[in-house]
Amino acid sequence: MEQQGVYTGLDIVTAKATKEEQQQAVHHLLDVVAPDRAFTVTHFREQALPIVSFLNRLTYALQFYLCL
């Protein structure tokens with residue numbers, strides 16, 4: 001995802017996934033901050049790490065379940 005994807009209201013000027021594409025697969029951290037607010041790599045990391053952790057746990061649980 002390009003960095004502008006986190007900003008709300010910039011759908012036209014970015015390569016953000018369309019609403020139709022977003023319905024086909026979960027997209028995280030889109031439209032999370034207003035364009036007039038700072039959103040650094042640290043902010044992104046703070047929001048992304050819990051999502052990555054959850055997805056890792058979910059993947060592990062699914063793999064375990066499918067192996068039973």
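Analysis parameters
Residues numbered from 1 in each chain as written. Predicted model: local features only at pLDDT ≥ 70, side-chain atom pairs only at ≥ 80, totals over all residues. Heavy atoms only, no water. UniProt positions renumbered as here; feature names shortened; annotations may be inferred. Helix = DSSP H or I, 4+ residues; strand = E, 2+ residues; numbered from the N terminus. Expected span 1.5 Å × (residues − 1). Bend = angle between axes of the 7 residues up to and from the residue. Salt bridge = Lys/Arg side-chain N within 4 Å of Asp/Glu carboxyl O. Buried < 20%, exposed > 50% of the residue type's maximum accessible area, 1.4 Å probe, protein only. Patch = residues over 30% accessible without salt bridge, like charges linked within 9 Å, V, L, I, M, F, W, Y side chains within 5 Å. Areas by Shrake-Rupley, 256 points an atom, 1.4 Å probe, with all protein chains shown as cover.

As recorded by UniProt, the Sequence similarities (unreviewed entry) comment attached to the protein reads in full: "Belongs to the IPP transferase family."

Draft legend 1. Seen up close, helix α2 (residues 41-67). Here α2 is 27 residues long and its end C-alpha atoms lie 37 Å apart, about the 39 Å a rise of 1.5 Å per residue gives. A bend of about 30 degrees at Ala48 is the largest found in α2, and the proline Pro50 appears one to four places after it.

Draft legend 2. Focus on the pattern of salt bridges. Enumeration according to the criterion identifies one salt bridge in this entry. Of the charged contacts, one joins Asp31 and Lys19 as a salt bridge, the two residues approaching to 3.8 Å between their closest N and O atoms. In this pair, Asp31 is assigned in the loop between α1 (19-24) and α2 and Lys19 in helix α1, connecting sequence segments 12 residues apart. A relative accessible area of 47% means that Lys19 is categorised as partly exposed.

Draft legend 3. Layout of a nonpolar patch on the surface. Taken together, the side chains of Phe54, Leu55, Leu58, Leu62, Tyr65 and Leu66 make up a nonpolar region of the molecular surface, amounting to roughly 630 Å² of accessible area. Structurally, Phe54 is set in helix α2.

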